[in-house]
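# Coordinate analysis (summary)
Chain by chain, the residues run as shown.
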Amino acid sequence: MNIDNFTLDAAGAAIVSSMKRDLADGKVIIKTLFSNGFVWIYTQLPDGRF
């Protein structure tokens, strides 16, 4: 799935924690937890694209 545009309306929310895991194939998995309970998990490709 590709998302060209993404808007997160998190007025007043703050980042509680963020985790980054580097995979052997060069991809990076990033997980971010916000204070409003929203969890955002995404993959960064070796060429820098998300």
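Just above sits the structure.
A brief look at the structure comes next. (Residues numbered from 1 in each chain as written. Predicted model: local features only at pLDDT ≥ 70, side-chain atom pairs only at ≥ 80, totals over all residues. Heavy atoms only, no water.)

### Some remarks on the overall build of the protein chain
Per the secondary structure count, the protein chain includes zero helices and three strands. Along the chain direction, N to C, the helices and strands of the protein chain fall in the order β-β-β. Computed over the C-alpha atoms, the radius of gyration of the protein chain is 12 Å, more than 25% above the 10 Å expected from 2.2 N^0.38 for a compact globule of 50 residues. Counting the 50 residues in the protein chain, one finds 12% classified as buried. In the protein chain, of all internal contacts separated by at least 6 residues, the share reaching a separation of at least 24 is 8%. (Helix = DSSP H or I, 4+ residues; strand = E, 2+ residues; numbered from the N terminus. Rg over C-alpha atoms; globule rule 2.2 N^0.38 Å. Buried < 20%, exposed > 50% of the residue type's maximum accessible area, 1.4 Å probe, protein only. Contact = heavy atoms within 4.5 Å.)

### Comments concerning the pattern of salt bridges
Per the stated rule, a full pass over the model turns up one salt bridge. Taking the shortest distance from any N to any O, the salt bridge between arginine 49 and aspartate 47 comes out at 2.8 Å. The class for aspartate 47 is exposed, based on a relative accessible area of 52%. (Salt bridge = Lys/Arg side-chain N within 4 Å of Asp/Glu carboxyl O.)

### Some details on the environment of aspartate 4
By the secondary structure assignment, aspartate 4 is in the segment before β1 (15-22). You can call aspartate 4 exposed: its relative accessible area is 75%.

### What about the sheet that holds β1?
The antiparallel open sheet is built from three strands, whose spatial order is β1-β2-β3. The sheet is open, and its two edges are formed by β1 and β3 (39-44), each paired on a single side. Pairs of neighbouring strands in the sheet enclose a mean axial angle of 15°, with direction left out of account. In this sheet, strand β2 (residues 28-34) lies alongside β1 in antiparallel orientation, the contact comprising seven bridges. Bridge pairing in β2 places methionine 19 opposite lysine 31. (Pairing = 2+ DSSP bridges. Axes fitted to C-alpha atoms, helices over the stretch in contact; angles between N-to-C directions.)

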